[in-house]
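So you can see what is in the structure, the chains are spelled out below.
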Amino acid sequence: RRVLFRSKFKEFELDFDSNTGMMRTVFAYPILMTWQECRKQFGAKVTATDASKGRKFYSYADRRLDVLVGTDGKVVSLGLY
């Protein structure tokens, strides 16, 4: 049986502390994910902040996860810290 891996992300970015070399954050850039899909997957316990270009920045209160959402309702990036 053959299993194909299909990525839901177009890119990952790793952020390292310049002094310690420790990884601080992983950013994932989904190919296609809406804010509604994200809320269904991770829940709705968030605080919202306005971001540049009319986008919204959501921080989860019960997870180490931040989500940047575009004006079209699509997730621009997931930040895991």
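Residues numbered from 1 in each chain as written. Predicted model: local features only at pLDDT ≥ 70, side-chain atom pairs only at ≥ 80, totals over all residues. Heavy atoms only, no water.

Caption draft 1: Representation of the packing of aromatic side chains in the model. According to the stated counting rule, one finds 4 aromatic pairs in the structure shown. When the ring of Phe42 is compared with that of Tyr60, the centres are 6.4 Å apart and the planes differ by 75°; the resulting orientation is edge-to-face. With a gap of 18 residues between them, Phe42 in helix H1 (residues 35-42) and Tyr60 in strand S4 (residues 56-60) connect regions that are remote in the sequence. A residue is classified by how much of its surface remains accessible, and Phe42, at 22% relative accessible area, is partly exposed. Put simply, the rings of Trp35, Phe42, Tyr58 and Tyr60 touch in pairs and so form one group of aromatic residues. (Phe/Tyr/Trp six-rings, centres within 6.5 Å; stacked < 30°, edge-to-face > 60°. Helix = DSSP H or I, 4+ residues; strand = E, 2+ residues; numbered from the N terminus. Buried < 20%, exposed > 50% of the residue type's maximum accessible area, 1.4 Å probe, protein only.)

Caption draft 2: Summary view of the pairing of strand S1 (residues 9-16). The sheet contact formed by S1 and strand S2 (residues 23-30) spans 7 bridges and is antiparallel. Bridge pairing in S2 places Phe9 opposite Pro30. Taking the residues that link successive antiparallel strands as the turn, the S1-S2 hairpin has 6 residues, and the phi of Gly21 there is positive, at about 80°. (Pairing = 2+ DSSP bridges.)

Caption draft 3: Looking closely at the layout of surface pockets. Counted as a void, the largest pocket has a volume near 230 Å³. Lining the largest pocket are Ser7, Lys8, Phe9, Pro30, Ile31, Leu32, Met33, Glu37, Cys38, Gln41, Phe42 and Leu78. Per-element tally for the lining of the largest pocket: the top contributor is H1, with 4 residues. Looking at the lining of the largest pocket, its residues break down into 8 nonpolar, 2 polar and 2 charged. (1 Å grid on protein atoms, 1.4 Å probe; cavity = no way out; pocket = protein on both sides within 12 Å on 5 of 7 lines; lining within 4 Å. Points joined across faces, edges and corners; volume = space filled by probe spheres on them. Nonpolar A, V, L, I, M, F, W, Y, C, P; charged D, E, K, R; others polar.)

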